[in-house]
Amino acid sequence: MRPQEIDWGRISAIIEKHRGEKWGLIPLLQEIQDAVGYIPPQSLESISEAMHLFPAQVQGVATFYAGFSLTPKGKYVVRVCRGTACHVKGGKSILRVLKKELGLEEGETSPDYRFTLETVACLGACFLAPTMMVNRTYYGRLSPPKVNSILAQYRKEEG
Ligand code: FES
């Protein structure tokens, strides 16, 4: 999601919903992450005030968990496995195709905020190697042509 498209009203509502909750920080961060695709750093101060924490504590939690991000990501986050099982089954060529097709290096987001490319140590689906995920959907037993058709599907969704 483009940073300028952030719905600050929605973020405020989420913060208010969890205000003062004893164990509310993680669910609060999760809801903001789901709502706008990342935790805007500008929201850290309001979150910390609502949760009676220091901004550094909130930032610490937001940076500790891999599921949270303080930088905007694409609408489609593509995570490629670089674990051993996937590597043995050709994971390298999957990453190569994705880099070429998306024009992105690991950790980069396209300028139009459609795609982010990431690698992870293991997606926990080694029996399907080589694997990748797009947002929360798993894709396994990949080959370069299969990757191309998956990407085409997401590009089509965008119109
Ligand atoms: S090594 Fe790729 S899913 Fe586990």
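Residues numbered from 1 in each chain as written. Predicted model: local features only at pLDDT ≥ 70, side-chain atom pairs only at ≥ 80, totals over all residues. Heavy atoms only, no water.

Brief notes about the pattern of salt bridges
Applying the stated criterion across every chain yields a total of ten salt bridges. Here Arg19 ties to Glu49 by a salt bridge, and the two come within 3.3 Å at their closest N and O atoms. With a gap of 30 residues between them, Arg19 in the loop between helix 1 (8–18) and helix 2 (25–36) and Glu49 in helix 3 (residues 44–50) connect regions that are remote in the sequence. Note that Glu118 and Lys73 form a salt bridge whose closest N and O atoms lie 2.5 Å from each other. With Glu118 in strand 2 (residues 115–120) and Lys73 in the loop between helix 4 (55–64) and strand 1 (76–81), this residue pair connects regions lying 45 residues apart in the sequence. Both residues of the pair, Glu118 and Lys73, count as buried. (Salt bridge = Lys/Arg side-chain N within 4 Å of Asp/Glu carboxyl O. Helix = DSSP H or I, 4+ residues; strand = E, 2+ residues; numbered from the N terminus. Buried < 20%, exposed > 50% of the residue type's maximum accessible area, 1.4 Å probe, protein only.)

Here we look at the packing of helix 2 against helix 4
The geometry of helix 2 relative to helix 4 is characterised by a closest axis approach of 11 Å and an angle of 65° between their N-to-C directions. In this structure, the crossing between helix 2 and helix 4 has a hand that is right-handed. Residue-level contacts link Leu25, Ile26 and Leu29 of helix 2 to Val58, Val61 and Ala62 of helix 4. (Axes fitted to C-alpha atoms, helices over the stretch in contact; angles between N-to-C directions. Left-handed = near helix turned anticlockwise from the far one by under 90°. Contact = heavy atoms within 4.5 Å.)

Considering unusual backbone geometry
A cis amide bond links Ala129 to the next residue, Pro130, at an omega of -5°. By the secondary structure assignment, Pro130 is in the loop between strand 2 and strand 3 (132–134). Here Arg141, not a glycine, exhibits a phi torsion of approximately 45°, which is positive. Along the polypeptide, Arg141 turns up in the loop between strand 4 (137–139) and helix 7 (144–158). A relative accessible area of 55% places Arg141 in the exposed class.

Keep in mind these values describe shape, not function.
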